[in-house]
Amino acid sequence: MKNTAESDEDTGWDEWGVAKMPGTQTSIDARSALRAAVNAIALRLPPGHGLPDPRHLSLLSEVEALDPPPVWTDSSARALAAMFAARARRDALSDGAALVWRYFEGARLLKPATLSTDSRTLLLASAGEYLCAVGLPQVAVRFGREAQLFADSDALRYYALTVTAVGFALNGEYTSADPTMRAANDLFREGGWPESETSYVLLLADSLVSAARMDHRGLHRVAQDLSRVHPSDPYSVYSARAIDTMGKLIHGDYAAGLAACQQLLHGSERSMSHRFIRDFLLCIRSDILLAQGQYAESLASLATAESPEGHGICFAMQRGGALLLLGRERELLAETEACAASDADHCLRTLTPLLLRRAIAFRRLGNDRRAAQSMESALLLIAHTGNSMTPFIMLPPEECTELVDAAVCTHPELAETAEYIRSALASVAAPVEAPRSADELHGFTPTERALADLLLTSLSLADIARTRGVSLNTVKSQVRSIYLKLGVSARPEAVVELQRILA
């Protein structure tokens with residue numbers, strides 16, 4: 001990698017505001033410290049020269065972003081690459097993706113450049129790493145792939161591959177993440193680099209793929225690897241504990257998982273952690289509360305959460321899970337409408353479960369056409385990106401199965417995906433038991449409460465439809481929702497349960 005001495009004007013130090021008092025010892029010391037940090041970080045982003053010094057990362061994460069130079073040189077490119085990586089690794093993301101667009105349009109620099117392939121690879125890959133941290137994995141993949149084109153050494157190629165792999169995994173493109181991860185791991189073995197230089201983001205990609213497969217043992221393995229490889233990095237240790245907590249959710253160890261979430265989210269460790277991981281933990285805690293039947297508590301835990309750019313974590317989708325189990329379908333649809341309309345701007349990993357929740361909500365409200373469209377879109381995404389069961393976590397199993405079966409009738413090519421879903425649904429679905437109280441049908445919508453009273457009469461469903469002035473399909477959909485919340489499968493059982501509750 002080039003390490004040529006260039007002028008201060010080329011490095012952009014003046015633009016970073018560290019030479020505002022030229023000639024003073026403070027200015028000289030600051031410039032020297034920044035130059036040393038840039039050179040050390042840029043040298044160590046690919047493996048083979050050790051890990052970046054935490055002090056250098058902290059220093060570079062706090063400096064003001066430099067202005068684009070008239071022409072990009074190796075020195076200015078390395079400075080920006082070091083800054084992108086430092087901000088990503090120290091969670092300094094306040095400028096968001098706008099920081100990248102300040103210098104790039106797509107994966108191309110906005111101003112002319114006379115760059116070596118090494119410097120260009122570093123700059124592209126580090127921008128991709130930063131975009132993943134911000135929450136735009138689909139865009140990060142473009143930078144990672146472009147970086148691979150210019151990588152002319154195995155070490156640089158490894159760095160570019162790791163960024164691409166985590167971008168694929170964060171976006172839910174598991175069929176693409178798998179071979180990219182393998183290629184990166186093969187390069188690492190062939191390079192003979194120390195285990196301590198294993199990429200953090202590659203291990204993160206591995207954890208996301210394991211979660212998609214509902215592999216709690218795989219998650220535990222990744223957590224152990226991360227703790228072993230980077231034992232002195234608090235950011236890595238925090239992520240390892242969060243990954244292990246996801247394994248507890250999948251394994252059904254809810255009490256331990258909830259305790260771990262509480263400690264990580266509210267303990268002192270959170271001060272040195274990545275925003276994506278903290279948001280991920282909020283979603284885990286929400287799902288555990290749903291699994292324990294605490295639907296309202298789950299919804300309340302997400303009340304103030306805001307989705308990052310790109311919706312790598314989508315809190316609208318996550319709130320939708322609680323709203324669905326509370327029987328508040330119209331609120332769910334309103335909450336997720338903007339996400340459903342965003343198309344290419346929305347992370348696929350979180351868009352898929354959002355479409356599933358909307359499908360069930362539409363069906364309960366009697367809009368079978370919209371329900372079928374949403375379910376078919378979700379299943380086609382799952383088939384295209386690689387089978388994953390995480391979108392079905394804490395969804396009602398019976399309603400999911402019926403919608404999946406209907407989708408296969410229209411799209412026979414989804415039969416294999418549907419079979420995989422049916423076989424695994426029981427392990428991730430919401431508990432059948434719904435919360436209820438003796439003094440009120442807690443969790444029922446006002447419409448469902450009124451309909452529950454009519455179920456206790458001798459009126460047929462057709463009679464109830466005429467009485468209420470709605471279609472028979474609408475009544476059937478609402479009755480299915482009531483059965484689900486009561487934990488029954490037929491009207492006689494529902495009558496017995498309703499009489500017990502209302503007694």
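Structural data are supplied above this passage.
Remember, it's a predicted structure, so these values are computed and weren't measured experimentally.

K.L.:
I keep staring at the overall build of the chain and nothing clicks. Help me out?
P.N.:
Counting secondary structure elements, the chain contains 25 helices and two strands. The globule rule puts the C-alpha radius of gyration for 503 residues at 23 Å, and the 26 Å found for the chain is close to it. Evaluated residue by residue, the chain yields a buried proportion of 56% over its 503 residues. Sequence separation of 24 or more characterises 70% of the internal contacts of the chain that already satisfy a separation of 6 or more. Accessible surface, the chain as shown: approximately 20,400 Å² in total, 52% of it carbon and sulfur. If you average the places of the 49 positive and of the 61 negative side-chain charges in the chain, the two averages end up 2 Å apart.

K.L.:
Would you mind going over the pattern of salt bridges with me for this structure?
P.N.:
Close approach of charged atoms allows side chains of opposite charge to pair. Following the criterion strictly, the structure yields 23 salt bridges and no others. Taking the shortest distance from any N to any O, the salt bridge between Arg87 and Asp95 comes out at 2.7 Å. Residue Arg87 is classed as buried on the basis of its relative accessible area, which comes to 5%. For Asp95, a relative accessible area of 38% corresponds to the partly exposed category. Each of Glu195, Asp206, Arg221, Asp225 and Arg228 takes part in one network of salt bridges that share partners.

K.L.:
Can you walk me through unusual backbone geometry in this structure?
P.N.:
For residues other than glycine, phi is negative in most cases, and the peptide bonds are mostly trans. Residues other than glycine seldom take positive phi values, yet Asp91 does so here, at roughly 60°. One non-glycine residue with positive phi stands out, namely Met214, at about 55°. Among the secondary structure elements, Met214 is positioned in the loop between α10 (200-212) and α11 (216-229). In this structure Met214 comes out as buried when scored by relative accessible area, which is 16%.

K.L.:
Is there a simple way to explain the environment of Glu337 in this structure?
P.N.:
Turning to its location among the elements, Glu337 is positioned in helix α17 (residues 329-341). Spatially, the C-alpha atom of Glu337 lies 32 Å from that of Arg145, the residues being 192 residues apart in sequence. Within the local environment of Glu337, its side chain forms a polar contact with the side chain of Arg358, the two groups lying 3.0 Å apart.

K.L.:
Could you clarify how one ought to interpret the side chain of Ser239 in this entry?
P.N.:
If you trace the backbone, Ser239 turns up in helix α12 (residues 234-251). If near-sequence neighbours (up to four positions away) are discounted, Ser239 is found in contact with Tyr200, Leu226, His274 and Ile277.

K.L.:
I'm lost on the environment of Gly50 in this one. Help?
P.N.:
Summarising the element assignment, Gly50 is placed in the loop between α2 (25-44) and α3 (54-62). With 147 residues separating them along the chain, Gly50 and Glu197 place their C-alpha atoms 6.4 Å apart. Residue contacts for Gly50: discarding those within four places in its chain leaves Arg44 and Glu197.

K.L.:
For this particular structure, what's the right way to read the side chain of Ser236?
P.N.:
Assignment of secondary structure puts Ser236 in helix α12. Classification of Ser236 as buried rests on a relative accessible area of 1%. Sequence-distant contacts of Ser236, that is, excluding residues within four places in its chain, are made with Tyr200, Leu226 and His230.

K.L.:
Please explain the packing of aromatic side chains as it appears in this structure.
P.N.:
Within a pair of aromatic rings, the relevant descriptors are the distance that separates the centres and the angle that separates the planes. The final tally for this structure, using the stated rule, is nine aromatic pairs. The interplanar angle of 80° and the centroid separation of 6.2 Å between the aromatic rings of Phe84 and Tyr103 together place this pair among those described as edge-to-face. A residue pair is termed long-range when its members are at least 10 positions apart, and Phe84 in helix α4 (residues 74-89) and Tyr103 in the loop between α5 (98-101) and β1 (104-105) qualify at 19 residues. Where Phe276 meets Phe280, the ring centres are 6.1 Å apart and the plane angle is 10°; that geometry is what we call stacked. Within this pair, Phe276 and its partner Phe280 are both found in helix α14 (residues 275-291), separated by four residues, close to a single helical turn. The same class applies to Phe276 and to Phe280, which are both buried. Connected via pairs of aromatic rings, a cluster forms that spans Trp72, Phe84, Tyr103 and Tyr130. When the ring centre of Phe150 is taken as reference, the NZ or CZ atom of Arg120 above it lies at 5.3 Å.

What counts, and where the lines are drawn
- Residues numbered from 1 in each chain as written.
- Predicted model: local features only at pLDDT ≥ 70, side-chain atom pairs only at ≥ 80, totals over all residues.
- Heavy atoms only, no water.
- Helix = DSSP H or I, 4+ residues; strand = E, 2+ residues; numbered from the N terminus.
- Rg over C-alpha atoms; globule rule 2.2 N^0.38 Å.
- Buried < 20%, exposed > 50% of the residue type's maximum accessible area, 1.4 Å probe, protein only.
- Contact = heavy atoms within 4.5 Å.
- Areas by Shrake-Rupley, 256 points an atom, 1.4 Å probe, with all protein chains shown as cover.
- Lys, Arg positive; Asp, Glu negative; His and termini not counted.
- Charge placed at Lys NZ, Arg CZ, Asp CG, Glu CD.
- Salt bridge = Lys/Arg side-chain N within 4 Å of Asp/Glu carboxyl O.
- Polar contact = N/O pair within 3.5 Å; in protein donor to acceptor, adjacent residues only side chain to side chain.
- Phe/Tyr/Trp six-rings, centres within 6.5 Å; stacked < 30°, edge-to-face > 60°.
- Lys NZ or Arg CZ within 6 Å of the ring centre and 35° of its normal.

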